[in-house]
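# Breakdown of the fold
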Amino acid sequence: MRFPLYAVVSVLLAGVVLAGSTGTAAASAYPIKSAVLTQNKMYRTGALAPGACVEKPVAAGSVAQAKVYVRAVHACLNKAWRAHFTGAGLEFGQPSLTFVTKKGTRFCGEKWADQAGSYCVKSRRFAISLDDKMLEDPSDLFLMDVVAHEYGHHLQNIAGLHHAYLYEPYRSKKEELEQTRRFELQAECLAGVFMGSVWESLDRSEDDWDYLLEIVKNSGDETTKIKDHGKGRNQRYWLDKGFTAAAPAACNTWTAPASRVS
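Summarised in this report is the structure supplied together with it.

### Structural notes on helix H7 (residues 173-198)
- The terminal C-alpha atoms of H7, which comprises 26 residues, lie 38 Å apart, in line with the 38 Å expected from a rise of 1.5 Å per residue.
- The buried fraction of H7 is high, at 23 of 26 residues.

Listed below in structure tokens is the structure:
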């Protein structure tokens, strides 16, 4: 649940202090001025150390193999980000993982729709859909990207970014959607950071990366009714930006121009 500007102001006038808030963020005008979002400590942690991550084989339509694949990627993510956070003096806790394999499943108190993945803040757990669409061609790196994206939401949670985003004021639906896109595009960029850090260990070619970028570009907000994840070109931009830098500093979507988060 997001809170519009008038709701945040009402809370402050009532004398309630929100845990983790800076005061400046709650009273700030648009664009975003929250230091938690724009100057987060995670941005100053440097590049991820190059790591090894061996992909497990997964055939089209095989739920069992896909689970093994995703669990292996999850383990790689835990290893990479634990070392990075603890090395920078930041607290770290890994998220748990589950799968959705049939329609009607409930996750985090809500019925699963048609999303590829979802992260639950309160339980620090994320779910990955292993439906027919996801497993049609699981060799194209998209599955890894989805797992790393949902893990990115966990990083936002433990770094305080989710809480700050939740209480960042907005004055209109347009502003609310732009903030949501900044949040989602940051998670996509963090996915790129991880993939860039382990790329040398993957048995992949430059064509594989370019193909993933095209998949991402073709699955943007142009294909949906709710414009809350970003246009395909911007999803591609942030994924590749994170990949190239392999550092969270590349993922400060909160200070990016509106054109880069449209």
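### Regarding the packing of aromatic side chains
- This model, assessed by the stated rule, comprises 10 aromatic pairs.
- Between Trp-199 and Trp-209 the ring centres are 5.8 Å apart and the planes differ by 70 degrees, which places this aromatic pair in the edge-to-face class. Taken together, the positions of Trp-199 in the loop between H7 and helix H8 (206-217) and Trp-209 in helix H8 put the pair 10 residues apart, joining distant regions of the chain. For the pair Trp-199 and Trp-209, a shared accessibility class is recorded, and that class is buried.
- With a centroid separation of 5.3 Å and 85 degrees between ring planes, the pair formed by Trp-199 and Phe-243 is classed as edge-to-face. Residue Trp-199 is found in the loop between H7 and H8, and its partner Phe-243 is found in helix H9 (residues 232-245); the two are separated by 44 residues along the sequence.
- Phe-243 sits in the buried class, given a relative accessible area of 16%.

### Considering the state of the cysteines
- Throughout the structure, instances matching the rule amount to 3 disulfides.
- The disulfide partner of Cys-53 is Cys-76, and the gap between their sulfur atoms is 2.2 Å. Here the S-S torsion is close to 95 degrees, and the disulfide linking Cys-53 with Cys-76 is therefore right-handed. A residue pair is termed long-range when its members are at least 10 positions apart, and Cys-53 in the loop between helix H3 (35-38) and helix H4 (63-87) and Cys-76 in helix H4 qualify at 23 residues.
- Since its relative accessible area comes to 1%, Cys-53 is described here as buried.
- Classification of Cys-76 by relative accessible area gives buried; the value is 14%.

### So, the nonpolar core
- The biggest cluster of nonpolar side chains holds 59 residues, and the ones touching the most others in it are Trp-81, Ile-128, Leu-155 and Phe-194.
- Within the residue set of this core, elements represented by two or more residues are H3, H4, strand S5 (125-129), helix H5 (142-158), helix H6 (161-167), H7, H8 and H9.
- Grouped together as the second largest cluster of nonpolar side chains are 5 residues, Val-100, Phe-107, Trp-112 and Cys-120 included.

### Looking at the pattern of salt bridges
- Following the criterion strictly, the structure yields 6 salt bridges and no others.
- Residues Glu-175 and Arg-171 are paired through a salt bridge, measuring 2.8 Å at the closest nitrogen-oxygen approach.
- The exposure class assigned to Glu-175 is buried, which follows from its relative accessible area of 10%.
- On the accessibility criterion, Arg-171 (55% relative accessible area) is exposed.
- Between Asp-208 and Arg-204 there is a salt bridge, with the nearest N and O atoms lying 4.0 Å from each other.
- One continuous salt-bridge network, built from bridges that share partners, spans Glu-55, Arg-204 and Asp-208.

### Observations concerning the pairing of strand S4 (residues 117-120)
- Every second residue of S4 is oriented toward a common face, with Gly-117 and Tyr-119 on one face and Ser-118 and Cys-120 on the other, all of them buried.
- Note: S4 against S5, 4 bridges, orientation antiparallel. Among the inter-strand pairings, Cys-120 is bridged to a residue of S5, identified as Arg-125.
- Here S4 folds back onto S5 in antiparallel fashion, the turn holding 4 residues, of which Arg-124 has a positive phi close to 50 degrees.

So, how was this worked out
- Residues numbered from 1 in each chain as written.
- Predicted model: local features only at pLDDT ≥ 70, side-chain atom pairs only at ≥ 80, totals over all residues.
- Heavy atoms only, no water.
- Helix = DSSP H or I, 4+ residues; strand = E, 2+ residues; numbered from the N terminus.
- Expected span 1.5 Å × (residues − 1).
- Buried < 20%, exposed > 50% of the residue type's maximum accessible area, 1.4 Å probe, protein only.
- Phe/Tyr/Trp six-rings, centres within 6.5 Å; stacked < 30°, edge-to-face > 60°.
- Disulfide = S-S within 2.5 Å.
- Core = buried A, V, L, I, M, F, W, Y, C linked by side-chain atoms within 4.5 Å.
- Salt bridge = Lys/Arg side-chain N within 4 Å of Asp/Glu carboxyl O.
- Pairing = 2+ DSSP bridges.

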